[in-house]
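Here is what each chain is made of, one letter per residue.
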Amino acid sequence: MQNPSAPPPVLRPSAPKAVPLADVAAHLGLDRRADVEGVAVRGVTLATADLRPGELFVAVRGVHRHGAEFAGDAIAQGAVAIVTDAVGAELLPEPGVPVLVVENPRAILGGLSALVYGTGAGAFLPPLLAVTGTNGKTSVTHLMEGMLQGLGVVTGLSSTAERHIAGEVIPSRLTTPEASEMHALIGLMRERDVDAILVEVSAQALTRHRVDGLHFDVAGFTNLSHDHLDDYGDMTEYLAAKAALFTPARARRAVICVDQPAGIEIAATAGIPVTTVLTPAIAEDPAVGADWRVEIISETPEGTTFTLTGPSDALTTTVPVIGPHMASNAGLAIVMLLEAGWEWTALTGLLDGRRIEAHLPGRIERLSGDRGPALYLDFGHSPDAFAKTLDAVRRVTAGRVIMVCGANGDRDTTKRADMGAVAALGSDVLVITDQHPRSEDPALIRRALIDGARAARPDVVVHEVTPPEEAIATAVSLAGDGDAILWAGPGHQHYREIRGVRTPFDAAGAAQDALRRAGWPVSG
């Protein structure tokens with residue numbers, strides 16, 4: 001396993017084509033014939049740490065420093081030209097390479113990267129499928145991948161958890177990579193003969209230009225709930241950021257979950273053809289009309305069985321995780337593949353009466369064995385994610401539900417009280433601990449969760465335990481046979497971020513160690 005304290009590598013085509021810098025200048029609308037002739041570009045990067053000889057260094061203004069301050073390092077590492085703004089140009093020393101000045105370098109990064117890597121609209125690419133929404137994006141992309149692989153399709157995937165390229169697995173840096181990384185990744189996938197590409201698209205990716213230059217064949221929407229209000233002023237602005245994916249400039253077709261008013265609004269306002277999916281068991285209005293319906297048949301600790309019914313067809317299958325919301329994610333995934341062109345007969349042949357074979361990293365992942373308390377690890381870090389996952393655990397648990405959770409530092413602080421409240425209302429025993437405190441005081445983060453929990457349910461039993469290894473050990477010590485423990489937060493991640501440092505951390509290992517010490521078996 002790669003050292004989790006080090007950032008994952010940036011992936012690029014192994015044999016990139018050379019693009020004349022004159023073509024780049026023309027693309028940017030710049031008349032720079034004199035000093036760009038004979039210069040060729042083989043890649044694009046924002047970071048000197050990732051730069052390879054022959055690439056273009058794009059120097060953007062950061063939160064604390066301007067990228068132009070690092071131009072000397074970029075040139076020493078082999079950058080053949082620099083793109084920056086007027087402020088950056090003033091900061092440059094005598095560069096010795098061509099400098100192209102634009103008003104907003106980040107805004108042109110997607111189109112520029114598409115030009116260099118040959119991955120823009122109209123390029124010969126495998127089908128591109130995108131998923132956005134507050135929760136469920138990772139699950140939908142990994143479910144689609146599992147189904148496609150079952151059909152013999154070679155897949156590429158970019159999710160919060162991992163990047164996959166024809167079977168190779170690499171940890172992710174961001175939910176959606178920067179535009180230069182995204183286009184380079186897709187260029188590499190094409191080079192390795194990938195047949196379909198599945199991309200998780202965050203709201204920040206849309207507003208910060210990370211998917212500019214891409215045109216998706218199908219775009220899916222899961223849901224919208226309280227999150228990221230540190231980036232968006234209110235939920236209306238947050239929804240508008242998501243809705244930008246469902247326009248002709250970004251996608252050809254849409255598949256929208258209409259379990260919530262947000263989905264209904266996106267379906268009504270999308271500028272592209274829309275197919276809708278509804279799961280009555282979790283829909284705010286089960287009577288809403290939809291093209292496809294997900295009806296829950298049964299729920300067990302091993303998975304959730306459902307029937308997906310369309311205008312004239314139906315299939316029954318089992319998603320390998322608990323919860324009606326996971327059946328909803330699976331239904332969305334199936335319809336997205338159908339809308340992308342995979343045959344219904346192939347999908348029914350693979351799925352009808354069978355279990356979906358897919359791995360969802362850190363999504364309600366069961367770590368315990370066949371006796372003792374069931375222990376689930378989940379990536380949930382919003383009130384809605386807590387509520388849905390707690391409900392899913394409760395529905396398959398005979399005994400008590402014990403929850404272990406924390407909240408991330410330097411992120412939306414307005415959701416912490418709600419997270420604590422939902423955790424208290426949905427569990428019998430609550431263990432509050434730390435996750436990624438980043439630059440914040442972890443005690444203050446825990447206090448916000450505890451205050452929210454006690455305000456919602458004054459009689460709640462709360463244990464405040466740190467570090468997280470001790471918290472999960474405490475939860476296991478409190479649990480008995482037939483109980484369940486939900487540890488929300490760590491999910492697939494193998495580190496904790498503390499004061500700017502990624503500290504190696506194995507939540508799954510800590511949880512299973514606690515089970516073993518208590519005399520309980522573990523999965524696998």
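First, a word on scope: everything that follows refers to the structure included in this document. Source: prediction; values computed, not measured.

With that settled, consider the side chain of Thr389. Examined against the element boundaries, Thr389 turns out to sit in helix 13 (residues 383-395). Accessibility expressed as a relative area gives 4% for Thr389, which makes it buried. For Thr389, the residues in contact, after removing those within four places along its chain, are His325, Ile364, Asp378 and Leu486.

Turning to unusual backbone geometry, a few remarks are in order. A cis amide bond links Thr466 to the next residue, Pro467, at an omega of 5°. One can find Pro467 in the loop between strand 23 (461-464) and helix 16 (468-478). A positive phi angle, near 50°, is found at Ala166, a position not held by glycine. Here Ala166 is to be found in the loop between strand 9 (162-165) and strand 10 (168-171).

What follows is about the sheet that holds strand 7 (residues 128-132). With mixed pairing, the twelve strands of this open sheet are ordered in space as 10-9-8-11-7-12-13-14-15-16-17-18. On the outer flanks of this sheet lie strand 10 and strand 18 (354-355), each paired with one strand and no other. Along the sheet, helix 6 (residues 137-150) contacts strand 7, strand 8 (155-158), strand 9, strand 11 (196-200) and strand 17 (314-319); its crossing angle with strand 11, the most-contacted strand, is approximately 165°. Those strands touched by helix 10 (residues 261-269) are strand 12 (216-221), strand 13 (251-257) and strand 14 (274-278), and its axis lies near 150° from that of strand 13.

With that settled, the discussion passes to the side chain of Arg416. Among the secondary structure elements, Arg416 is positioned in helix 14 (residues 416-426). Here the side chain of Arg416 touches Asn408 through a polar contact of 2.9 Å, landing on its backbone oxygen. In this structure, Arg416 is in contact with Ala407, Asn408, Gly409, Asp410, Arg411, Glu440, Ile445, Ala448 and Leu449, ignoring residues within four places of it in sequence.

Reading the values: rules and limits
- Residues numbered from 1 in each chain as written.
- Predicted model: local features only at pLDDT ≥ 70, side-chain atom pairs only at ≥ 80, totals over all residues.
- Heavy atoms only, no water.
- Helix = DSSP H or I, 4+ residues; strand = E, 2+ residues; numbered from the N terminus.
- Buried < 20%, exposed > 50% of the residue type's maximum accessible area, 1.4 Å probe, protein only.
- Contact = heavy atoms within 4.5 Å.
- Pairing = 2+ DSSP bridges.
- Axes fitted to C-alpha atoms, helices over the stretch in contact; angles between N-to-C directions.
- Polar contact = N/O pair within 3.5 Å; in protein donor to acceptor, adjacent residues only side chain to side chain.

It is worth stressing that arrangement in space is one thing and function is another; only the former is reported here.
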